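# Notes for the structure review
These are the residues of each chain, in order.
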Amino acid sequence: MKTAVIVFPGSNCDRDIAVALEQVTGVKPHMVWHRDTALPDGVGLVAVPGGFSYGDYLRAGAMAARSPIMGAIANAAGKGLPVLGVCNGFQVLTEAGLLPGALMRNAALNFVCRDVALTVENAQSAFTSRYAAGERVMFPVAHHDGNYVADTDTLDRLEGEGRIAFRYAEPVNGSARRIAGVLNDAGNVLGMMPHPERKIEAAHGGDDGRRLFEGLLETVGA
Amino acid sequence: MKLRIHVTLKAGVLDPQGKAIEHALAGLGFAGVNGARVGKLIELDVADSTTDADIDAMCRQLLANTVIENYRVERA
């Protein structure tokens, strides 16, 4: 499977996710600069990586969400192409309107950087098919603005439609209903604050994240 | 034309920074601070021909995230 990793000024997990994708798919991802206006042909997944694009100016993800490449990503996502946003990538996808809600400053105002326990809430999506519903996994988080906010109607809808992919199994950042990752209504866009790409081999202290990429490879196809 | 765009959190959106400021003021001995909310002030210098619709679009498309924020335009 060919993949694309979007690179913004200030991205810092672009290499991490590229390594994870190459390990799992066997193919080096296309690194796509944010000023590009088109995605490479034939990619089966777009990854929007973590980092501090544009130094979090205005709001985390706000400037990156208006980058030229985002038009192409929105267009491709609308046609069903899987898009994965991790950490800053999640912030970018909410700012771009591809996912509902917003990510605010952590409730305790602290930067949280540690492994956290998550529960897999929806194991049916293209991203989570290799997990079991209710399974507990350990992923690292490293963020200052991971406090997920949406109005009650939106939260109820996300719950009702099974669009909460991951939930924190412990208090982390004040997120509404402990939401760690959400899917769009079609299920092909996932945004999550924890970093699956930082847990793909034993040397990382665990490989719970690897199955997310393996599941994608299986669902999206080689 | 000089504009001042006031971006504030919507009512009901928790503001951890505001809370911290409220506690810090209490810690300095200021009694009776019943709340603090943090917003942004963005000063723009735009062409005189800029329409209200354009200004509104700037606010909605970039300056404010209307999921969590309100905005108010003040002409200087």
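Residues numbered from 1 in each chain as written. Chains lettered and ligands numbered in written order. Predicted model: local features only at pLDDT ≥ 70, side-chain atom pairs only at ≥ 80, totals over all residues.

### Notes on the overall build of chain B
Within chain B, the secondary structure is distributed over two helices and three strands. Taken from N to C terminus, the helices and strands of chain B fall in the order β-α-β-α-β. Here chain B has a C-alpha radius of gyration of 16 Å; the compact-globule value for 76 residues is 11 Å, and the former is much larger. The C-alpha extent of chain B, read off along each of the three principal axes, is 50 × 25 × 15 Å. For chain B, the proportion of its 76 residues judged to be buried stands at 9%. (Helix = DSSP H or I, 4+ residues; strand = E, 2+ residues; numbered from the N terminus. Rg over C-alpha atoms; globule rule 2.2 N^0.38 Å. Buried ≥ 20, exposed ≤ 12 C-beta atoms within 10 Å, placed from the backbone.)

### A few points about the overall build of chain A
A tally of helices and strands in chain A yields five helices and 11 strands. In terms of C-alpha radius of gyration, chain A reaches 15 Å, essentially the compact-globule figure of 17 Å for 222 residues. Counting only C-alpha atoms and orienting by the principal axes, one finds that chain A spans roughly 40 × 35 × 35 Å. A burial count over chain A gives 54% of its 222 residues as buried. Nonlocal contacts in chain A, meaning residues at least 24 apart in sequence, comprise 75% of its contacts between residues at least 6 apart. (Contact = placed C-beta atoms within 7 Å.)

### Focus on the interface of chain A and chain B
Chain A puts 11 residues into the contact, and the matching count from chain B is eight residues. Of the residues in the side of chain A that touches chain B, the class split is six nonpolar, one polar and four charged. (Nonpolar A, V, L, I, M, F, W, Y, C, P; charged D, E, K, R; others polar.)

### Concerning the pairing of strand β11 (residues 189-192) of chain A
All names here are of chain A. Residues V189 and G191 line one face of β11 and the alternating positions L190 and M192 line the opposite face, and both faces are buried. With four bridges connecting them, strand β4 (residues 83-86) and β11 associate as parallel partners. Across the sheet, V83 pairs through a bridge with V189, a residue of β11. Joining the antiparallel neighbours strand β10 (residues 179-183) and β11 is a turn of five residues, in which G187 adopts a positive phi near 80 degrees. (Pairing = 2+ DSSP bridges.)

### Brief notes about the sheet that holds strand β1 (residues 2-9) of chain B
All names here are of chain B. On the basis of which strands lie adjacent, the open sheet formed by three strands has the order β2-β1-β3 and antiparallel pairing. Each edge of the sheet is formed by a strand with only one pairing partner; in this case those strands are β2 (40-45) and β3 (69-75). For this sheet the average axis-to-axis angle between neighbouring strands, irrespective of direction, equals 20 degrees. In this structure, β1 lies alongside β3, joined through seven bridges in antiparallel fashion. Looking across to β3, one finds that V7 is bridged to Y71. (Axes fitted to C-alpha atoms, helices over the stretch in contact; angles between N-to-C directions.)

### A short note on unusual backbone geometry
All names here are of chain A. Phi at L109 is positive, roughly 65 degrees, even though this residue is not glycine. We note that R177 has phi near 50 degrees; this positive angle belongs to a residue other than glycine. Among the structural elements, R177 can be located in the loop between β9 (164-168) and β10.

### A look at the sheet that holds strand β6 (residues 112-120) of chain A
All names here are of chain A. One open sheet accounts for nine strands, arranged β2-β1-β3-β4-β11-β10-β9-β6-β7; its pairing is mixed. The sheet terminates laterally at β2 (30-33) and β7 (136-143), the two strands that pair on one side only. Between one strand axis and the next, the sheet turns through 25 degrees on average, direction left out of account. Bridge analysis of strand β1 (residues 2-7) against strand β3 (residues 43-48) gives four bridges, and the strand direction is parallel. Looking at the pairing, V5 lines up with A47 of β3.

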